[in-house]
Amino acid sequence: MAKFKHVLVIPYPAQGHVTPLLKLAHCIADYGVKVTFVNTEFIHAQVMAANPGLDEGSSRVKFVAIPDGLETDEERKDIPTKMESILSVMPDHLQELIEKVKKQSDGNEDEQISFMIADLTVGWALEVAERMGIERAGFWPASASALVMTLHIPKLIEGGVVDNNGFAPKNDLITILEDLPAYKSNDLVWSCPEDPAIHKAIFKYLSSIVHHSKRTNSFLCNSFRYLEAPACSGIPGALPIGPLMASARLVHRRGSLWNEDSTCLNWLDQHPALSVIYIGFGSTTIFGMEQFYELAHGLEQIARPFLWVVRPDLTDGPVTEFHDGFLQRVRNYGKVVQWAPQEEVLAHPAVACFFTHCGWNSTLEGLSNGVPLLCRPYLGDQFLNRSFICDVWRVGLGVDGDENGLITRHEVRKKLLAVLGSEEIRANCLRVKEMARKSVSEGGSSLKNLQSFVELMKA
Ligand code: UDP
């Protein structure tokens, strides 16, 4: 009789990766699969502190941790240093962990790791699995369109579209697949307009995925066919299984790295339907002080209810003094939290639009809840996501910088009003929301893919 395997799931150590992989881990555990979830020691401590009880009880998902080779917070915030350390230190620790599990299993095959789902951004883990004779699949936490671009890096270099550091010498549109909209040259998945060194480091890191991806034939994608049909068809072995959402069952299992301030849900309860602007720029966006002030002034001037996530490290300078005055002035209509239960916020009927950095999880969460988006990307695939949001799915607008690249308070106000007032955008949002719901419902394409993947994992 077919039996389930013991599956190891490993994300890249960052919020936007831990969350979708943890949701996937719980989804497959619900089919009776035993899962061991591997975080770095640092992330593990954060997740456990912010989610007490996550690893207790009868859950089939067990948490373990391995070192990331980094010493300080500063090192972890420095993207090139972090990527280098992950690549050089973690593979050996992962192998040791799998060997340890084997040893502890005392010959019991059911206990030994027999399948691995690795975030493709830690694609080296697939090599560890291959070396150890473990079956495996990759998981891609961004859009399928971003995966297409990443897997085509060698061809982009060969064709002179990008140089060896991932910079596009020309401003031309980039056609990778015929059915896929052409990519803009400044929508490269490894973009970092504010820092060329980071651009280069991300490009180098993503380039390694091309090699590692050859270690598997299955690519689980947190997307759905309706949203990205040409990209999904353009990746042999793609299994779109998204959107992986925090359903009522999963809501406390998404692995926030910080304590969620749920007072904002009560605050939202006090507002009428479609009245609140939600502003959240994910876990890594950093604003210069001038830009931060402009955003704040824009929100102040619009004088509509708003809920804004201001992480303690959202700016590159101290905001305390400004903050106090600002909070005083907007006290009748604005609420600021350090970290929100974002999926519940976006599902709340009071929310009218989402001012976002276009991280893929945030994008999917907005789309799944039918919330119009205002886009201000910061890094990486967020630029590509903005183009899809604004030009392909037409579910939002972008904010534009002035001649110095600054997004002014007037621009913020103007575009927020435009998004809030657009019937067309709202109608498109509702259509995409419905298709997202169908994809993960009984008979839907994503659910079917997930079910056939679970079948594949049976011995
Ligand atoms: N998030 C959250 N509370 C916040 C801000 C973000 O729970 O206040 C979650 C959000 O729901 C999403 C993740 O953090 O699942 C951020 O992932 P995303 O890909 O959007 O952006 P990243 O942080 O990777 O840039």
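- Looking at an unreviewed UniProt entry, one finds the protein chain named Glycosyltransferase and attributed to Rhodamnia argentea.

## With respect to the site of the ligand
Next up, step 1: Ser283, Ala340, Asn361, Ser362 and Glu365 are the nearest of the 18 residues found near the ligand.
Next up, step 2: Separating an oxygen atom of the ligand from a side-chain N or O atom of His357 is a distance of 2.9 Å.
Next up, step 3: Elements that contribute at least two residues to the shell around the ligand include exactly α1 (15-29) and α14 (360-368).
Next up, step 4: The element that contributes the greatest number of residues to the shell around the ligand is α14, accounting for 4 residues.
Next up, step 5: Here the residues of the shell around the ligand are counted per class, giving 4 nonpolar, 13 polar and 1 charged.

## Examining the pattern of salt bridges
Side chains that differ in charge, positive against negative, can pair when their charged atoms come close.
Next up, step 1: Scanning the entire structure with this criterion turns up 17 salt bridges.
Next up, step 2: As a salt-bridge pair, Asp313 and Lys77 come within 3.4 Å of each other at their nearest N and O atoms. Residue Asp313 is found in the loop between β9 (306-309) and α12 (320-329), and its partner Lys77 is found in helix α3 (residues 73-77); the two are separated by 236 residues along the sequence.
Next up, step 3: The exposure class of Asp313 is partly exposed, given its relative accessible area of 25%.
Next up, step 4: Where Arg409 meets Glu294, a salt bridge forms, and the shortest distance between an N and an O atom there is 2.9 Å. With Arg409 in helix α16 (residues 409-421) and Glu294 in helix α11 (residues 289-302), this pair connects stretches of sequence that are 115 residues apart.
Next up, step 5: The buried category is assigned to Glu294, whose relative accessible area is 12%.
Next up, step 6: Each of Glu127, Glu130, Arg136 and Arg215 takes part in a single network of salt bridges with overlapping partners.

## Some words on the state of the cysteines
Next up, step 1: The tally for this structure, following the rule as stated, stands at 0 disulfides.
Next up, step 2: Between Cys264, a cysteine without a disulfide, and Cys353, which holds the nearest cysteine sulfur, the sulfur-to-sulfur distance is 16 Å.
Next up, step 3: With a relative accessible area of 0%, Cys264 lands in the buried category.
Next up, step 4: With no disulfide partner, Cys429 has as its closest neighbouring cysteine sulfur the one in Cys353, 9.9 Å distant.
Next up, step 5: The class for Cys429 is buried, based on a relative accessible area of 2%.

## Describing the environment of Val38
Next up, step 1: Within the fold, Val38 resides in strand β2 (residues 34-40).
Next up, step 2: Accessibility expressed as a relative area gives 1% for Val38, which makes it buried.
Next up, step 3: Along the chain, Val38 and Ala118 lie 80 residues apart, while their C-alpha atoms are 9.8 Å from each other.

## Describing the sheet that holds strand β3 (residues 61-66)
Pairing between sheet strands relies on hydrogen bonds along the backbone, with the strands arranged either parallel or antiparallel.
Next up, step 1: Strands sit in the order β3-β2-β1-β4-β5-β6-β7 across an open sheet of 7 strands; the sheet is parallel. The open sheet is flanked by β3 and β7 (238-240), the only strands paired with a single partner. Along the sheet, successive strands turn relative to each other by an average axial angle of 25 degrees, direction set aside.
Next up, step 2: Here strand β1 (residues 6-10) pairs with strand β4 (residues 113-119) via 5 bridges, running parallel. The partner of Leu8 across the bridge, within β4, is Met116.

Quick notes on the rules
Residues numbered from 1 in each chain as written. Predicted model: local features only at pLDDT ≥ 70, side-chain atom pairs only at ≥ 80, totals over all residues. Heavy atoms only, no water. Near = heavy atom within 4 Å. Polar contact = N/O pair within 3.5 Å; in protein donor to acceptor, adjacent residues only side chain to side chain. Helix = DSSP H or I, 4+ residues; strand = E, 2+ residues; numbered from the N terminus. Nonpolar A, V, L, I, M, F, W, Y, C, P; charged D, E, K, R; others polar. Salt bridge = Lys/Arg side-chain N within 4 Å of Asp/Glu carboxyl O. Buried < 20%, exposed > 50% of the residue type's maximum accessible area, 1.4 Å probe, protein only. Disulfide = S-S within 2.5 Å. Pairing = 2+ DSSP bridges. Axes fitted to C-alpha atoms, helices over the stretch in contact; angles between N-to-C directions.

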